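The primary structure of each chain is shown beneath.
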Amino acid sequence: GRVEVYHDGKWGTICDDRWDDQDAEVVCRQLGLSGNPKALSWAHYGKGSGPILLDEVECSGNELSLDQCKKSDWGQQNCDHIEDAGVSCDPFTGIDLYGSQMCPVLVLYYIACSTENITASGSCRGTVRLAGGHSPHEGRVEVYYNGDWGTVCDDGWTDISAQVVCRQLGFR
C-alpha cells in the first residue's frame, strides 16, 4: 500500500525519490511483516493528500525503522503526490484478512520522542502501553494522545497489529 507516516501530529506521505527495495524492507520490518519487500513508486496505490513528510529516503535495508535511515529533514521535499511511495510486503500487503480487498495504505506511527514530545508527566506523545494485564507482557493497548491515555478500537485488529505493538514495546 501507500506508505504514510505520522509525525508531529500530522499524517503524511513519503516521496519516491531514491525509494527502493531496501527502503521497502525497512518499512515491512517496522510494520512487523515478513515476505518479499518491493518498493513501488509513482503513486502506485493512489495519490495521498496532506503533507509530504519525507523525501530522499536511503536505507541500507538493515535498519529497524525509517528513523535510522538517511533521509531529508521532516517536511523538506520537492515532490507532488504523484510521487507517493508504496510498499508491497508480499504475501501480506494488499490482502485484507477479512476478505480479498486491496489494502491501500500502510501506516507507520513515527514518533520520535524529542524534547517537544515529552509531556510534563514524562510520557512521550504517541507512546503505546499495555494496561490492566496480569503481567507487563499483556493487557489492553492504550495510546498517549493529547494529554490523555486512550484505548484502541479493535475493528480490523489482527495478529499483525498485535505484533507491531509488541515490537514497538520492545518485545519479540
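Note that this is a predicted model, so its numbers are computed, not measured.

Draft legend 1. Local environment of the overall build of the protein chain. Helices and strands together make up the secondary structure of the protein chain, namely 2 helices and 9 strands. What you see in the protein chain, going N to C, is helices and strands ordered as β-β-α-β-β-β-β-β-β-β-α. For the protein chain, with 172 residues in total, the buried portion stands at 38%. Put simply, of all contacts in the protein chain between residues at least 6 apart along the chain, 66% involve residues at least 24 apart. Taken as a whole, the protein chain presents about 9,800 Å² of accessible surface, with 48% of it coming from carbon and sulfur.

Draft legend 2. Expanded view of the side chain of Asp23. Mapped onto the elements, Asp23 comes out in helix H1 (residues 21-30). Salt bridges are absent for the buried Asp23, whose nearest opposite-charge side chain, Arg18, sits at 9.1 Å. In this structure Asp23 touches Arg18, Val57, Glu58 and Cys59, once residues within four positions along its chain are discounted.

Draft legend 3. Representation of the side chain of Asp55 in the model. Locating Asp55 in the fold gives a position in the loop between strand E4 (52-54) and strand E5 (86-90). No salt bridge is formed by the buried Asp55; its nearest oppositely charged neighbour, Arg18, is found at 7.6 Å.

Draft legend 4. Geometry of the nonpolar core. Ile14, Trp19, Val27, Val57, Leu66 and Val87 are the most contacted members of the largest nonpolar core, which has 20 residues in total. With 4 residues, the single largest contributor to this core is H1.

Draft legend 5. A look at the state of the cysteines. With the rule as written, the count across this model stands at 3 disulfides. Linked covalently through their sulfurs, Cys15 and Cys79 form a disulfide whose S-S length is 1.9 Å. The disulfide joining Cys15 to Cys79 has a torsion of about -80° about its S-S bond and is therefore left-handed. Linking Cys15 in the loop between strand E2 (10-14) and H1 with Cys79 in the loop between E4 and E5, this pair joins segments that are 64 residues apart in sequence. Its relative accessible area of 0% is what places Cys15 among the buried residues. Given the relative accessible area of 15%, Cys79 is considered buried. Each sulfur in the disulfide pair Cys28 and Cys89 lies 1.9 Å from the other. Sign of the S-S torsion, about -95° for the bond between Cys28 and Cys89, identifies this disulfide as left-handed. With Cys28 in helix H1 and Cys89 in strand E5, this residue pair connects regions lying 61 residues apart in the sequence. Comparing Cys28 with Cys89, the two get one shared label, buried.

What counts, and where the lines are drawn
Residues numbered from 1 in each chain as written. Predicted model: local features only at pLDDT ≥ 70, side-chain atom pairs only at ≥ 80, totals over all residues. Heavy atoms only, no water. Helix = DSSP H or I, 4+ residues; strand = E, 2+ residues; numbered from the N terminus. Buried < 20%, exposed > 50% of the residue type's maximum accessible area, 1.4 Å probe, protein only. Contact = heavy atoms within 4.5 Å. Areas by Shrake-Rupley, 256 points an atom, 1.4 Å probe, with all protein chains shown as cover. Lys, Arg positive; Asp, Glu negative; His and termini not counted. Salt bridge = Lys/Arg side-chain N within 4 Å of Asp/Glu carboxyl O. Core = buried A, V, L, I, M, F, W, Y, C linked by side-chain atoms within 4.5 Å. Disulfide = S-S within 2.5 Å.

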